[in-house]
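Secondary and tertiary structure notes
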Amino acid sequence: MDFTLDENQRAVADLAASVLRGDPDDGRVLAALATEPGYDEAAWKAMGQAGLLGLSLPESVGGDGFGAIETGLVLVEVGRQVLPLPALATLALGVLPVAAFGTVEQQQHLLPEVADGRVLTAALRDAPGTAVQLAGDTVTGARVGVPFAAQAHRVLVPTDNGTAIIDPRGPGATLTRTPTSTSAPEYTLRLDAVPVESVLAAGPDDVDRFAVAGA
């Protein structure tokens, strides 16, 4: 098997490195974590301006139509620097599942503004003793360790009956920030008959694959 990057993939890796690499700055990291968004907005904006946030958006919504490999190359460079960024949450947990499984309408609703810095995320881990249930047009249960949930425009909630798309600030949704080893924002998301905007034709395993690829 040939793991050599092609010309486009090398260009993606080089661009991400040029945008993100710099001298570590603990003060800048701490300042970013202390802000309400909890991430470095200047670096996130720079990624958007460089086109890195739109790489894996479908061409139909203004993206470049790349996939998991190119997203992974960007995330490698994110991981090589110290600034907190919602890149894994947005690109791997949000964009890739919607690009792969979303309808045209879902993609048009959720993805175009990602290129300009809109945050998406997914709630993957059940709270102990709790299973999330999708019933009709509502979802109930609890998920833990949801990255950047309070900052996200929408959250993907995978269930056995499909992946619910919800507004984390909608009725019945409660977010509680929880401690992490990196101090990056993570939340417990409690769902009490939260309205579902739409449902992706994807189950937990489908979304998990993108999470594993991105990590």
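Structure: see above.
So, how was this worked out
- Counting of residues starts from 1 at the beginning of each chain's written sequence and follows it residue by residue.
- Two thresholds apply to this predicted model, a pLDDT of at least 70 for residue-level local features and 80 or more for giving and counting side-chain atom pairs, whereas whole-chain, interface and lining totals are computed over all residues.
- Each side-chain value is derived from all of the structure's non-hydrogen atoms; neither hydrogens nor water enter the calculation.
- Using a grid of 1 Å spacing that covers the protein atoms alone, one calls a set of points a cavity when a 1.4 Å probe fits there but cannot get out, and a pocket when the set is open and has protein on both sides within 12 Å along at least five of seven lines; lining residues are those with an atom within 4 Å of a point.
- Grid points are joined across faces, edges and corners, and a volume is the space filled by probe spheres set on the points.
- Secondary structure elements follow DSSP: runs of H or I of four or more residues count as helices, runs of E of two or more count as strands, with numbering from the N terminus.
- Under the convention adopted here, Pro, Cys and the residues Ala, Val, Leu, Ile, Met, Phe, Trp and Tyr are nonpolar, Asp, Glu, Lys and Arg are charged, and Gly plus all remaining residues are polar.
- Fitted lines through C-alpha atoms serve as axes, helices being fitted only where they are in contact, and the angles separating the N-to-C directions of these axes extend from 0 to 180 degrees.
- Oblique is the label for any angle not covered by the other classes, which are roughly parallel (under 35 degrees), roughly antiparallel (over 145) and roughly perpendicular (65 to 115).
- A clockwise turn of the near helix away from the far one marks a right-handed crossing, whereas an anticlockwise turn of less than a right angle marks a left-handed crossing.
- In what follows, a contact means two residues having at least one pair of non-hydrogen atoms within 4.5 Å.
- When two rings of Phe, Tyr or Trp (its six-membered ring) have centres within 6.5 Å they constitute a pair, described as stacked for plane angles under 30 degrees, edge-to-face for angles over 60, and tilted for the intermediate range.
- Only protein chains enter the accessibility calculation, which uses a 1.4 Å probe. A residue is then buried if its area is under 20% of the maximum for its type, exposed if over 50%, and partly exposed in between.

Once that is clear, we can look at empty space enclosed by the protein. One pass over the full model with this rule turns up 1 cavity of 30 Å³ or more. Computed from the structure, the largest cavity encloses a volume of approximately 30 Å³. Every element with two or more residues in the lining of the largest cavity is listed here: helix 4 (68-79) and helix 5 (87-101). Of the residues that constitute the lining of the largest cavity, the class distribution is 5 nonpolar, 2 polar and no charged.

Right, let's talk about the packing of helix 5 against helix 7 (residues 204-214) for a bit. Contact geometry of helix 5 with helix 7 gives a least axis separation of 9 Å together with a crossing angle of 140°. By the angle between their directions, the pair helix 5 and helix 7 is classed as oblique. In the crossing of helix 5 with helix 7, the sense of the turn from one axis to the other is right-handed. Where helix 5 abuts helix 7, its residues L88, A92, L93, L96, P97, A100 and F101 lie against D206, V207, F210, A211 and G214. Within the contact of helix 5 with helix 7, the residues separate by chemical class into 10 nonpolar, 1 polar and 1 charged.

Inspection of the entire model under this criterion finds 3 aromatic pairs. The interplanar angle of 70° and the centroid separation of 5.9 Å between the aromatic rings of Y39 and F148 together place this pair among those described as edge-to-face. Here the residue Y39 occupies a position in the loop between helix 2 (26-34) and helix 3 (41-49), and F148 occupies one in the loop between strand 4 (138-147) and strand 5 (154-159), the gap between them amounting to 109 residues. Since its relative accessible area comes to 6%, F148 is described here as buried.

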